[in-house]
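# Understanding the architecture of this molecule
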Amino acid sequence: MRKSLPVISTGTPSGGGGGCGTAVAVAPAKTTLPRWKQRKLRIALVRHHDLCLNTRQITQIQKRAGVLPHLGLGYIHTALKTAGFHNVIQVDTPAMGLDSEGLRRLLADFGPDLVGVSTTTPGLPGAVEACQAAKSTGAKVILGGPHTEVYARENLFHESIDYVGVGEGITIMPELAEALEQGEKPDGIRGLVTRDHDGGAAPMVNLEDVGWPEREGLPMDSYYSIMAPRPFATMISSRGCPFKCSFCFKQAVDKKSMYRTPEDVVGEMAELKRRHGVKEIMFYDDVFTLHRGRVREICALIGESGLKVRWEAPTRVDLVPEPLLTAMAGAGCVRLRFGIEHGDPDILARMRKESDVAKIERAVTSAHEAGIKGFGYFIVGWLDESPEQFRRTLDLACRIPLDYASFYTATPLPGTPLHTESVAAGRIPADYWDRFVRGEFDARIGYLVPDAQRRAQIAYRRFFLRREMVKPLVSHMATTGQWRNTLDGLRSLARSTSNTDRDF
């Protein structure tokens, strides 16, 4: 009988304020099964290149931003090991420097029975290449990731894809592997879609019931971020986001909140430093400070344990009161990534950000005063964004004490309110993403204002090529060692200077 991991059903963390007095968690014990219970199925988990024509980032920055570990595949790997499947490898082609042929040769040498490939919608062309490489070895192939919740059955248009996983791959993959090993037809698995069966979406599980993501065998030295010193690692301390920004697609598993205990979070941080020597940890929660009491407990436990490691996290401008910022800075937080998005009140309202310029200025300034660097995310080229509205965004970015900024071009991803509004306004074809999934488009989805790409380039130049940025950039490069990537990016931005910048 197939066993499922416990499913969480509430968004409230358990326990009171006594967590900080408990010892830091230690590394979960490796599951050792009797030899007769260990499964023989060979499984490969693949992340292929995701540089594609529908990226929201401009090329000069995207190529130098870095290669980050894929935590989702690490958690699936751990779940498979717990279920007794030990012949499992993770293949991260961006980190390993493999093209599609290199991936095919590696898989052919390994001889997998089952290959899982993760993707986003913009990254689908690379994922399909990976599926084709896997299928050429004779393996069964399952496609998963955030993309599949909107397009599940449509992905089966590609002959190289046998199954599509929707929702929690942590539960889908062990159940599918068990069915294949036992020679059963994998119908009835929640979250598995085949050409004959639709299993809906697999619900979220508590990550503490899974264990820490498997990192052994990954090219840890090959991961890097332009923002951090090497070696570095990524973590998730919570899942889910209750907010409804109009540009963001939410999977079913994103709509509830799940929180790991402070002991488990700090335990993994300590293990990353001990085993891999990491100098900085990048949290990839949706909103790290959503439950502020838990964050205070994490900070206190870091101090009690004597752990010395830099870390950064994403948050919102309305969720960082000054006392919390002081506690985070004292616990090693060096950077907060703020989803600022825009400087125009009308567009902020249309984005459903539940924010305003005053909150933005107060939060970034408070973080700066607490000794935490600010990283601002902005979206330019919003639907019907005027030149004046763009100027307000650029003026805000340059006015507040940000050390870093990223300027994305508005991209109406499927399943988002922005997509619905853009179709209604006649800016994009209603069937663009459907045809993109089938491989019929080789052109980017249309920008929502004609010069959106130029606006992003102007924003980067105006922000980073200011005299005021010389000192923080030199300090950043000295701290992180990212001299080459940073200087190459700056030179590229400078070379792309346009005489039409004065229009803004």
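An unreviewed UniProt entry annotates the protein as B12-binding domain-containing radical SAM protein of Streptomyces yaizuensis. Reading the Cofactor (unreviewed entry) entry of the UniProt record for the protein gives the comment "[4Fe-4S] cluster".

In this section: the packing of aromatic side chains. Describing an aromatic ring pair means giving the distance of the ring centres and the angle of the ring planes. Applying the stated criterion to the full structure yields 15 aromatic pairs. Here a set of aromatic residues connected by ring pairs shows up, and it is made of F378, F407, Y460, F463 and F464. Across from the ring centre of F110, 4.4 Å away, lies the NZ or CZ of R42, which sits over that ring. The ring of F243 is capped by R316, whose NZ or CZ atom sits 3.6 Å from the centre of that ring.

What follows is about the pairing of strand β12 (residues 280-283). Neither face of β12 is open: one carries E280 and M282, the other I281 and F283, and all of them are buried. Strand direction decides the pairing type here: strand β9 (residues 232-235) and β12, joined by four bridges, are parallel. The residue bridging M235 from the neighbouring strand is F283, located in β12. As defined by bridge partners, β12 adjoins strand β13 (residues 310-315) across three bridges and the pair is classed as parallel. Following the sheet pairing, I281 is matched in β13 by W311.

With that out of the way, let us pick up the side chain of E268. By the secondary structure assignment, E268 is in helix α8 (residues 262-276). With near-sequence residues (within four places) excluded, E268 lies in contact with Y75, W212, P213, R215, M235 and R260.

This part covers the environment of P213. Relative to the assigned elements, P213 resides in the loop between α7 (207-210) and β8 (224-225). Accessibility expressed as a relative area gives 7% for P213, which makes it buried. C-alpha of P213 to C-alpha of T78: the two residues are 135 residues apart in sequence and 5.8 Å apart in space. Setting aside its immediate chain neighbours within four residues, P213 contacts L71, G74, Y75, T78 and E268.

Our next topic: helix α14 (residues 417-424). Those residues of α14 that fall on the buried side of the exposure criterion are L418, H419 and S422. Taken end-on, α14 shows its buried residues confined to a sector of 100 degrees, consistent with a single buried face. Opposite its buried face, α14 presents the exposed residues T420 and A424, each directed more than 90 degrees away. Its buried side turned inward, α14 meets α15 (432-437).

It is worth spelling out the sheet that holds strand β3 (residues 88-92) at this point. Spatially, the six strands line up as an open sheet ordered β3-β1-β4-β5-β6-β7, and their pairing is mixed. At either end of the open sheet lies a strand with only one pairing partner, and these are β3 and β7 (192-193). Pairing of strand β6 (residues 163-165) with β7, which is carried by two bridges, proceeds in the antiparallel orientation. Of the residues in β7, the one forming a bridge with G165 is L192. In the packing of helix α6 (residues 169-181) onto the sheet, the strands contacted are β1 (43-47), β4 (114-118), β5 (140-144), β6 and β7, and the crossing angle to β4 comes to about 160 degrees.

Taken in spatial order, the six strands line up as β9-β12-β13-β14-β15-β16 in an open sheet, and their pairing is parallel. Edge strands, defined here as strands with exactly one partner in the open sheet, are β9 and β16 (404-409). When the angles between neighbouring strand axes are averaged without regard to direction, this sheet yields 20 degrees. Where strand β15 (residues 373-380) lies against β16, six bridges are found, and the strand directions are parallel. Paired with I379 across the bridge in β16 is Y408.

Evaluated as defined, the whole model comprises 30 salt bridges. Each member of the salt-bridge network shares a partner with another, and the members are E280, R310, E312, R335 and R337.

Turning next to unusual backbone geometry. Residues R230 and P231 are joined by a peptide bond in cis, for which omega reads -10 degrees. When you line up the elements, P231 lands in the loop between β8 and β9. Phi at E341 takes a positive value of approximately 75 degrees, unusual for a residue other than glycine. As for its position among the elements, E341 is in strand β14 (residues 333-341). Of note in the backbone geometry, E354 takes a positive phi value of approximately 55 degrees without being a glycine. With respect to the element layout, E354 can be found in the loop between α11 (345-350) and α12 (357-369).

Mean pLDDT for the protein: 89, with 87% of residues reaching 70 or above. This stretch, residues 1-22, has a pLDDT under 50; its non-local contacts, to residues over four places away or in other chains, come to 45 contacts.

On to a nonpolar patch on the surface. Residues V470, V474, W483 and L487 make up a contiguous nonpolar surface patch of about 340 Å² in total accessible area. Among the secondary structure elements, those contributing two or more residues to the nonpolar patch are α17 (470-480) and α18 (483-495). The exposure class of W483 is partly exposed, given its relative accessible area of 40%.

Right, let's talk about the environment of Y284 for a bit. Structurally, Y284 can be placed in the loop between β12 and α9 (292-305). Relative accessible area serves as the criterion here: at 37%, Y284 is assigned to the partly exposed category. As for Y284 and E312, which are separated by 28 residues in sequence, their C-alpha atoms are 9.0 Å apart. With sequence-adjacent residues up to four places away left out, Y284 is seen in contact with L68, T234, M235, I236 and R337.

Glancing now at the state of the cysteines. A complete count under the given rule lists zero disulfides for this structure. Here C245 stays free of any disulfide, with the sulfur of C241 as its closest cysteine sulfur at 6.4 Å. Taking relative accessible area as the criterion, C245 reaches 12% and is therefore assigned buried. Cysteine C333 is unpaired, with the sulfur of C299 as its nearest cysteine sulfur at 7.6 Å. Judged by relative accessible area, C333 falls into the buried class, the value being 3%.

About the thresholds
- Residues numbered from 1 in each chain as written.
- Predicted model: local features only at pLDDT ≥ 70, side-chain atom pairs only at ≥ 80, totals over all residues.
- Heavy atoms only, no water.
- UniProt positions renumbered as here; feature names shortened; annotations may be inferred.
- Phe/Tyr/Trp six-rings, centres within 6.5 Å; stacked < 30°, edge-to-face > 60°.
- Lys NZ or Arg CZ within 6 Å of the ring centre and 35° of its normal.
- Buried < 20%, exposed > 50% of the residue type's maximum accessible area, 1.4 Å probe, protein only.
- Helix = DSSP H or I, 4+ residues; strand = E, 2+ residues; numbered from the N terminus.
- Pairing = 2+ DSSP bridges.
- Contact = heavy atoms within 4.5 Å.
- Arc of directions from axis to C-beta.
- Axes fitted to C-alpha atoms, helices over the stretch in contact; angles between N-to-C directions.
- Salt bridge = Lys/Arg side-chain N within 4 Å of Asp/Glu carboxyl O.
- pLDDT = per-residue confidence, 0-100.
- Patch = residues over 30% accessible without salt bridge, like charges linked within 9 Å, V, L, I, M, F, W, Y side chains within 5 Å.
- Areas by Shrake-Rupley, 256 points an atom, 1.4 Å probe, with all protein chains shown as cover.
- Disulfide = S-S within 2.5 Å.

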